[in-house]
Amino acid sequence: MTFSPEFEQRFTEMLTHYPSKRSVLVPTLLYAQDEVGYLSDEAITEIAQRLQLTELDVRNVISYYSMLTTKPRGKYNVQVCTNIACILRGADDLWEHCQKKFGLRHKQTTPDGQFSIEEVECIGACSWAPAMQVNYDFHENLTKDKFDTILDGYKKKA
Amino acid sequence: MPDVNITVDGKKVTAPAGTLLIEACKTVGIEVPAFCYYPGLSLQGACRMCLVKVEKMPKLQTACTTVISEGMAVTTDHEEIHQARKSMVELLLGNHPLDCPVCDAGGECELQDMTFSYGASESKYTEAKNHKEEQQWSPVVFFDRPRCILCYRCVRVCDEAMDVAALGIQNRGSGSVIAPNMGDHLDCEECGMCIDICPVGALTSGAYRYKTRPWEMNHVATACTHCGDGCKTTLGVRRSETGMEIVRGDNRDKSGPNGDFLCVKGRYAFDFANRTDRLTQPLVRRNGKLVPVTWDEALTYVGQKLAEIRSQSGGASMGVIGSNRTTNEENYLLQKFARVVLQTNNIDHQRTADFAAFAAALAGRPDATASAREVFDAPAILLIGNDPTEQHPLLAYQIRNNVRLHKARLYVVNSESVKLRRQATLFSQIPSGSEAAFAAFLAGGDVANGANRDEWNALRDQLRKETGLVIAFGSELRGASIASLNKFALSVQGAKLICLADYANSRGAADMGVYPDLLPGYVPLIQGSKFKAEWGTLPDAAGLTLPGMVDAAKSCKLKALLVVGANPVFRMKLDPATFANSFLVVQDLFLSETAAVADVVLPAASAYEKSGTFTNTYGDVQLVKQAGEITGTKSDFEIIVRIAERMGYDVAKLVPFGSGSRADMGQSRGAQSGEADRHAVWLEAQGLELKMNPFDPTAVFDEIQRLVPGYQVSRLNLMAGNDQHTRLDQNGGGAVGDPALIQPANDGLFSSGSTGRYSKTLNTVMENRNRVEMPKVAAD
Amino acid sequence: MADLVSHPDEIKVVSKRFGQGAADIDRYLALDGYKAAQKALPMTPDAIINEVKTSGLRGRGGAGFPTGMKWSFVPKDSPKQKYILCNGDESEPGTCKDRLILEHDPHSVIEGVMIAGLAVNAESGYIYIRGEYRYLSIIMQKAIKDAYARGFLGKNIFGSGKKFDVYWHGGAGAYEVGEESALMESLEGKRGIPRIKPPFPAVVGLWGSPTVINNVETLASAPHIILDGAQKFADYGTPKNGGVRLFCLSGHVNKPGVYELPLGYSLKKMIYEVGGGIPGGKKIKAVVPGGSSTPVLTADEIDIAMDFDGVAKAGSMLGSGGVVVIDESTCMVRFAQYIMKFYQHESCGWCIPCREGTDWLKKTLDRFHAGGGVKKDINNIQYLAENMMGRTFCPLGDAAAMPTISIVTKFRKEFEDHLEGRPCPYDPVGSVRLLPVLSH
Ligand SMILES: Cc1cc2nc3c(=O)[nH]c(=O)nc-3n(C[C@H](O)[C@H](O)[C@H](O)COP(=O)(O)O)c2cc1C
Ligand code: SF4
Ligand code: SF4
Ligand code: SF4
Ligand code: FES
Ligand code: FES
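Bear in mind that the values here come from a model prediction, so they are computed numbers and not experimental data. (Residues numbered from 1 in each chain as written. Chains lettered and ligands numbered in written order. Predicted model: local features only at pLDDT ≥ 70, side-chain atom pairs only at ≥ 80, totals over all residues. Heavy atoms only, no water.)

Trainee: How should the overall build of chain B be read in this particular structure?
Mentor: Scanning chain B from N- to C-terminus turns up 26 helices and 31 strands. By its C-alpha atoms, chain B is 90 × 65 × 65 Å across when sized along the principal axes. A burial count over chain B gives 61% of its 780 residues as buried. Partitioning the contacts of chain B with sequence separation of at least 6, the portion at a separation of at least 24 is 69%. Of the roughly 29,000 Å² of accessible surface on chain B, a fraction of 51% belongs to carbon and sulfur atoms. Separation of charge centres in chain B, based on 81 positive and 89 negative side chains, amounts to 1 Å. (Helix = DSSP H or I, 4+ residues; strand = E, 2+ residues; numbered from the N terminus. Buried < 20%, exposed > 50% of the residue type's maximum accessible area, 1.4 Å probe, protein only. Contact = heavy atoms within 4.5 Å. Areas by Shrake-Rupley, 256 points an atom, 1.4 Å probe, with all protein chains shown as cover. Lys, Arg positive; Asp, Glu negative; His and termini not counted. Charge placed at Lys NZ, Arg CZ, Asp CG, Glu CD.)

Following this line, the structure appears as structure tokens:
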């Protein structure tokens, strides 16, 4: 399978950073996932071969990390933090609102493949709680209204 | 290593520096509970069962990861420790299905034992358990996730000890789960090591599951009947309608040369013995058809026929084909029977390695052979030819783990890129067929075409620097090449050799003289005066080899042929009509291709159904113990004795049993005045009893120990179930046969000659492997 | 990007350049950037280590281990490569300070890694950034690239003839990977399972070589110590608790944010003055003093000095600097439940007590808060947590147990108030929402 030139460039460069090939595995998986949308069987085979690992070994690693997934998810992954600092500032209401708004449950995807929602643990925005990430973008000091406005923005992009 | 002194529960313990606390405790009989710790596998510190108190440490410490240090004071018995262990068990039970009554491991489960010991009886758990359906990963491996306590033994044994790495750990936290390499199934060597090592019933064997309860079985430790490596396997047996049925093979007795190891054959392929199409009644050909008759009828018929042919055409018109799978006692008896009863030297077997040349080459160096155990400890190993991973699974295991645990250096010279190259310090791939050239080179010759000269030179130089090198070679090396290799071995300090043959008792057949030109112990016929003195007259001239007998049969010169545990029609791809003009008697388990064309077929017991000894390819002799029993069959031993008897032969001359037949020591005077009973004298000197039964193989083993050079091993140790290394102890230098007589079996990991073909498990495993297409695994 | 706050009591050291565009290398240089590294270059490793020891700097990652001492553990005579590993996995709930450093002052982290490298004779350093912080990886990659372009990194740093490389590395979602040995496993491309200790990373670390692992803030403090003098840094704080640190105020406070305050600062003052008190003038019920792993303090226990020793005296820990304030309207059972949800999700699963304990506790707390609790559950919760304590393979088990034990002992009455199907008296709305849990 083929990845983008940027991926290839980064991959080649990363290989020079470490005394062992395998060390590039975790960031490589995340970049591959960013391109494909998820870690497909082909992507796993490809990465395993490049790093001379068994596919089993690669799957063992993938399944450990919460950001990595072998199942397709929405173009926009809405990740609402429900850890303590956020909960104290209304994250449970927000998460409830999020589920209702999309008609989805944790880790489900809209039929059009545009949005998935996910309840996540602390994302390092506690002082600006409640917070969420849409893909890699942080959105903080959220209210339901603010949440709606932000998501409408993504909907327009979708 | 200097010794370190510590105290455990007030007891003084001294152990070498570097010893783990858990092992140090064992030496004074203090058992520290452990799930994840397993000797020889990497440390985990995962189960926290082994927590102990170490003075000056604020927290409890894991005995399985703590290395002892001078003056360490340890407590293993304390309220806090007890509570820690109890809570660990409680935590496990919280999510454990507790289906002990239907679990295969019930009664031999380490979790049950720990629960019993630490009394986690009160159920604190009221939450729903995490349930998952049982999965089948291969024909022989089943996985029940809820029972798994995540000790990671299976993962490690597969990766570290087997170098297969087919099991992984996926997800994390309470979702952690053991996973097979192909997503929902396994592609592996199917050795079942993971099942054996699993402390609970999470991994179960497809061959055994739900068959019985452990306490309903008897456990019999015996030698595996498949390849030449001689693993000890423990068979679980149970009464059945047809006698005794073997229901399980495993490793609970780890005292064999194989320790923890068994391959797929040793563990599962006992099942050929349980087949319903086993022969259980003698068959005699009448009007062109084999019809069942009684044993008495069959034996009488065979006895009469053979006696008649002997008197009409002489012993030279008769032949015997022996087996690679019958016991030493049977082989010895068979060649003695051929020579003294049939009066013929026409006896041979399917030779899978050139032991005759090996014995000849090593003449005068009786201790130059290495045992299976030595492979695990040798500082360096040279492997020429063969693919032990496929053909000698135990050898491969010993080599791998020696490299892993003792940092042995492994040199592999092979025409294929065999898997053991992964453990090799140096791997030299040579053109197929150039093994002999390599041996000649080692012995000081030069490289013919110069292609590998530099590489070979460097390798030879390096090998010469080794001490205690173990050299194992496959059947690629025969005849003069073995002599070359021995010459090279003489130039390496402490070098020892291993000649690799294919079947469970190939070495035994050779050692016992199932050869047309060699008596037991590779004694050439012309030097056989000792045997003649014991047995009386034997024909002097060398007999026919196996192909020679076939030719004689084709030219109608072979009037009778007795085939014991062999299938030449299939193996040698013979026209079934080959033996049409010979009186053909076949002793076998199944109606094999050869049995199908026989005049008489005698149903034999398998090696799991009789007693005796086997000698593995290394020369380690060990006990074969009767586990199963199939009504209607007889051991080859008994059959031979009975045929001799029906031929009118004095059985006491064949099997030394019973007393008083000859003058005893006290009355013997002078050369003629009644010979001393040498056998009885010898027995007395050994402190052994005279056997009273002509069907007792130990009577023949007595004679073997008395007469066969190299078999003077400790009887006590042998009887205690320990493998004993024999010596290649003969002085004359045996006759060297034609290298072309060596016909390797070419069995792989999942095949085992004719017996393998009758193993349901092996067949299912093979079918399964052919069905699921095998994607290439990047790591190999 | 996160908002910045400020308060007059702050002493801005690590946060000095926040909001000043210092991610740009020229701007950084204009703000005294890379002076410390150049000052350290001619110093002997021992001299650097002594400076750090004098500064009283203790690890900002959570355990508070004296940094100078940690560096001195690296065997000097080892012929192996040595590595610096900067821990930017920041995932401890309540903690969001490393993020600001990486965003506003990435070069200070690079410079800190260099100084640590000079102190232990390492030639390379890795900056591990949690996967969620993708934008910070991008900022860091640029910073590293710029530093190479100026000759600050590479084969001949600052023309000194010395070699030093810095690389960034990205995670992919795992709190446990913040534990130092799991961090190394993750960087080596494996599952984040901690390693058996000893050997400690200072002796056997990345790829078997001696490795110094420090938190982002710890390393970012080093340039200031070298440049401004160790004593000055030490004097900010209290004895044995040198310097200032970033406190992340969150939860029920009027002015949440990340404030850099001297060690030893009063917790009460931090909440009421710096944080502007509790919204709606409500009372405090409890405070998490140093990230979710630390035992909670009751309203009566907050009159303490916020340094390692002061918080320890109160029976908790200074931890990672995450101060979470909980007001009187909060249900502590529910709070315990959300804490356990986190640890259950993040347990690596390696060892029995943590894997099974967090799962069991989470299930029990879920049921309990939803109204399905019985009396023996309360003791059971405590029993389970106490039996995890001190017995797990790595400190995550303790981290899950400690807050739980503190809550169930200090707020036992709230548990009793939930018994026998009563809806949560503190959070009727929330508990109704949770009720469906009971039905499945
Ligand atoms: C479960 C767990 C998670 C941790 N997470 C982090 C983390 O995200 N960042 C961090 O700097 N230290 C974390 N630590 C502490 C590290 O193990 C280590 O002590 C620290 O990085 C050392 O740096 P310091 O001495 O500068 O604090 C964690 C520890 C544990 C047990
Ligand atoms: S399957 Fe058995 S051996 Fe493997 S981890 Fe589970 S309990 Fe241990
Ligand atoms: S290695 Fe050989 S002897 Fe051992 S179990 Fe396998 S087939 Fe039997
Ligand atoms: S305490 Fe055990 S299970 Fe929990 S994170 Fe540490 S090693 Fe993993
Ligand atoms: S608790 Fe939500 S970002 Fe930290
Ligand atoms: S035996 Fe020591 S932790 Fe498992």
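Trainee: Help me out: how do you make sense of the packing of helix 22 (residues 678–686) of chain B against helix 23 (residues 697–707) of chain B in this one?
Mentor: Packed helices, taken two at a time, are described by the angle between their axes plus the distance between the axes. Residue and element names in this part refer to chain B. Where helix 22 meets helix 23, the closest approach of the two axes is 11 Å, and the angle between their N-to-C directions is 85°. By the angle between their directions, the pair helix 22 and helix 23 is classed as roughly perpendicular. In this structure, helix 22 contributes Arg 678, His 679, Trp 682 and Leu 683 to the contact, and helix 23 contributes Ala 699, Asp 702, Glu 703, Gln 705 and Arg 706. Partitioning the contact of helix 22 with helix 23 into residue classes produces 3 nonpolar, 2 polar and 4 charged. (Axes fitted to C-alpha atoms, helices over the stretch in contact; angles between N-to-C directions. Parallel < 35°, antiparallel > 145°, perpendicular 65-115°, else oblique. Nonpolar A, V, L, I, M, F, W, Y, C, P; charged D, E, K, R; others polar.)

Trainee: Is there a simple way to explain the side chain of B:Ser323 in this structure?
Mentor: All names here are of chain B. Mapping Ser 323 onto the fold places it in the loop between strand 16 (318–321) and helix 8 (328–341). At 2.8 Å, the side chain of Ser 323 and the backbone nitrogen of Arg 325 are in polar contact. Reaching out from Ser 323, the side chain makes a polar contact with the backbone nitrogen of Thr 326 at a distance of 3.4 Å. Among all residues touching Ser 323, those that are not within four sequence positions of it are Asn 331, His 349, Ala 509, Val 564 and Gly 565. (Polar contact = N/O pair within 3.5 Å; in protein donor to acceptor, adjacent residues only side chain to side chain.)

Trainee: Explain helix 23 of chain B to me, please; I cannot follow it from the model alone.
Mentor: Because each turn of an α-helix spans 3.6 residues, side chains separated by three or four positions in sequence point in the same direction. Residue and element names in this part refer to chain B. For helix 23, a buried count of 10 out of 11 residues is recorded, marking the element as mostly surrounded by other parts of the structure. All of the buried residues along helix 23 are Pro 697, Ala 699, Val 700, Phe 701, Asp 702, Glu 703, Ile 704, Gln 705, Arg 706 and Leu 707. Considering only its buried residues, helix 23 is in contact with helix 8, helix 17 (529–535), strand 28 (612–615), helix 20 (636–646), helix 22 and helix 24 (715–719).

Trainee: Where do I start with the side chain of C:Glu185 in this structure?
Mentor: Residue and element names in this part refer to chain C. With respect to the helices and strands, the residue Glu 185 is situated in helix 8 (residues 180–187). Glu 185 gets classed as buried once you look at its relative accessible area, which sits at 13%. Apart from the residues within four sequence positions on either side, Glu 185 is in contact with Lys 190, Arg 191, Ile 193 and Arg 195.

Trainee: Please clarify how the site of ligand 1 should be interpreted in this entry.
Mentor: Residues and elements named next belong to chain C. Taken together, 20 residues lie near ligand 1, and Gly 61, Lys 70, Asn 214, Asn 215 and Thr 218 sit nearest. Separating an oxygen atom of ligand 1 from a side-chain N or O atom of Lys 70 is a distance of 2.9 Å. Ser 91 is positioned with one of its backbone polar atoms (N or O) 3.5 Å from an oxygen atom of ligand 1. Here ligand 1 loses 91% of its free accessible area of 600 Å² to cover by the protein chains. Across the shell around ligand 1, the residue classes tally to 4 nonpolar, 9 polar and 7 charged. (Near = heavy atom within 4 Å.)

Trainee: What am I meant to see in the interface of chain C and chain A here?
Mentor: A common way to report how large an interface is uses the accessible area buried once the components associate. Each side of the interface is counted separately: chain C has 63 residues, and chain A has 47 residues. Here chain C packs against chain A, burying approximately 4,500 Å² in sum over the two surfaces, 57% of which is carbon and sulfur. Connecting chain C to chain A are 5 salt bridges. Taking the shortest distance from any N to any O, the salt bridge between C:Lys341 and A:Glu121 comes out at 3.0 Å. At the boundary of chain C and chain A, one finds 28 residue pairs in polar contact (both at pLDDT 80 or more). Every element with two or more residues in the side of chain C that touches chain A is listed here: helix 5 (98–104), helix 7 (134–149), strand 3 (165–170), helix 8, strand 5 (244–251), strand 6 (257–262), strand 11 (322–327) and helix 13 (332–346) of chain C. Per-element accounting of the side of chain C that touches chain A gives the leading share, 8 residues, to helix 13 of chain C. (Buried area = accessible area lost by both parts, 1.4 Å probe. Salt bridge = Lys/Arg side-chain N within 4 Å of Asp/Glu carboxyl O.)

Trainee: Can you help me understand the nonpolar core in this one?
Mentor: In summary, soluble globular proteins display a tendency toward joint burial of nonpolar side chains. In this structure, B:Phe35, B:Ile178, C:Trp71, C:Ile110 and C:Phe335 are the most contacted members of the largest nonpolar core, which totals 255 residues. With residues near it in sequence (within four places) discarded, B:Phe35 still touches B:Cys47, B:Met49, B:Leu92, B:Glu110, B:Leu111, B:Met114, B:Ile149, B:Cys151, B:Arg153, B:Pro199 and C:Ile352. Formed by 72 residues, the second largest nonpolar core is a distinct cluster that contains B:Val302, B:Met318, B:Ala560 and B:Ile639. (Core = buried A, V, L, I, M, F, W, Y, C linked by side-chain atoms within 4.5 Å.)

Trainee: Would you explain the interface of chain C and chain B in this entry?
Mentor: On the side of chain B, 39 residues touch chain C, which itself brings 33 residues to the contact. Between chain C and chain B, a total of about 3,000 Å² is buried, with carbon and sulfur atoms accounting for 51% of that surface. By the criterion of area lost to chain B, the three top residues of chain C are C:Trp350, C:Trp360 and C:Arg391, representing 24% of everything that side buries. Among the salt bridges present, the one from B:Arg172 reaches C:Glu346, with a minimum N-O distance of 3.0 Å. Along the contact surface separating chain C from chain B lie 25 residue pairs in polar contact (both at pLDDT 80 or more). Within the residue set of the side of chain C that touches chain B, elements represented by two or more residues are helix 13, helix 14 (352–372) and helix 15 (375–388) of chain C. Take the side of chain C that touches chain B: its biggest share by element is 10 residues, from helix 14 of chain C. Across the side of chain C that touches chain B, the residue classes tally to 11 nonpolar, 11 polar and 11 charged.

Trainee: Sorry, what's going on with the sheet that holds strand 6 (residues 135–136) of chain B here?
Mentor: Through backbone hydrogen bonds, the strands of a sheet pair up, either in parallel or in antiparallel fashion. Residues and elements named next belong to chain B. Read from one edge of the open sheet, 3 strands run 6-7-10, paired in antiparallel fashion. The open sheet is flanked by strand 6 and strand 10 (203–205), the only strands paired with a single partner. In this structure, strand 6 lies alongside strand 7 (residues 141–143), joined through 2 bridges in antiparallel fashion. Counted as the bridge partner of Gln 135 is Phe 143 from strand 7. (Pairing = 2+ DSSP bridges.)

Trainee: Got a minute to help me understand the packing of helix 2 (residues 79–94) of chain B against helix 14 of chain C in this structure?
Mentor: Between helix 2 of chain B and helix 14 of chain C, the least distance of the axes is 9 Å, while the angle of their chain directions is 55°. In terms of orientation, helix 2 of chain B lies oblique with respect to helix 14 of chain C. Like other packed secondary-structure pairs, helix 2 of chain B and helix 14 of chain C cross with a definite hand, here left-handed. Contacts from B:Met88, B:Glu90, B:Leu91, B:Leu92 and B:Gly94 of helix 2 of chain B reach helix 14 of chain C at C:Ile352, C:Pro353, C:Arg355, C:Glu356, C:Gly357 and C:Trp360. (Left-handed = near helix turned anticlockwise from the far one by under 90°.)

Trainee: How should the pairing of strand 4 (residues 211–215) of chain C be read in this particular structure?
Mentor: Walk down a regular strand and you will see the side chains alternate between the two sheet faces. All names here are of chain C. The buried fraction of strand 4 is high, at 5 of 5 residues. Burial along strand 4 is two-sided: Thr 211, Ile 213 and Asn 215 facing one way and Val 212 and Asn 214 facing the other are all buried. Two strands pair when backbone bridges link them, and strand 1 (residues 83–88) and strand 4 are joined in this way by 5 bridges, in the parallel orientation. Bridge pairing links Leu 85 to Ile 213 in strand 4.

Trainee: When you look at the packing of aromatic side chains in this model, what are you seeing that I'm missing?
Mentor: In this description, an aromatic ring pair is defined by two values, namely the gap between the centres and the angle between the planes. In the structure shown here, the tally under the stated rule is 38 aromatic pairs over all chains. Note on B:Phe441 and B:Trp456: the rings are 5.4 Å apart at their centroids and 55° apart in plane angle, and the pair reads as tilted. A residue pair is termed long-range when its members are at least 10 positions apart, and B:Phe441 in helix 13 (residues 435–442) and B:Trp456 in helix 14 (residues 453–464) qualify at 15 residues. On the basis of relative accessibility, which here comes to 1%, the residue B:Phe441 falls in the buried class. Note on B:Trp456: relative accessible area 3%, which makes it buried. When the centroid spacing of 4.8 Å and the interplanar angle of 75° are considered together, the rings of C:Phe342 and C:Tyr343 count as edge-to-face. Assessed through its relative accessible area of 0%, C:Tyr343 is described here as buried. Joined through ring pairs, the aromatic side chains of A:Tyr18, C:Tyr83, C:Tyr126, C:Tyr167 and C:Trp207 make up one cluster. Against the face of B:Phe531 rests B:Lys530, its NZ or CZ located 5.7 Å from the ring centre. (Phe/Tyr/Trp six-rings, centres within 6.5 Å; stacked < 30°, edge-to-face > 60°. Lys NZ or Arg CZ within 6 Å of the ring centre and 35° of its normal.)

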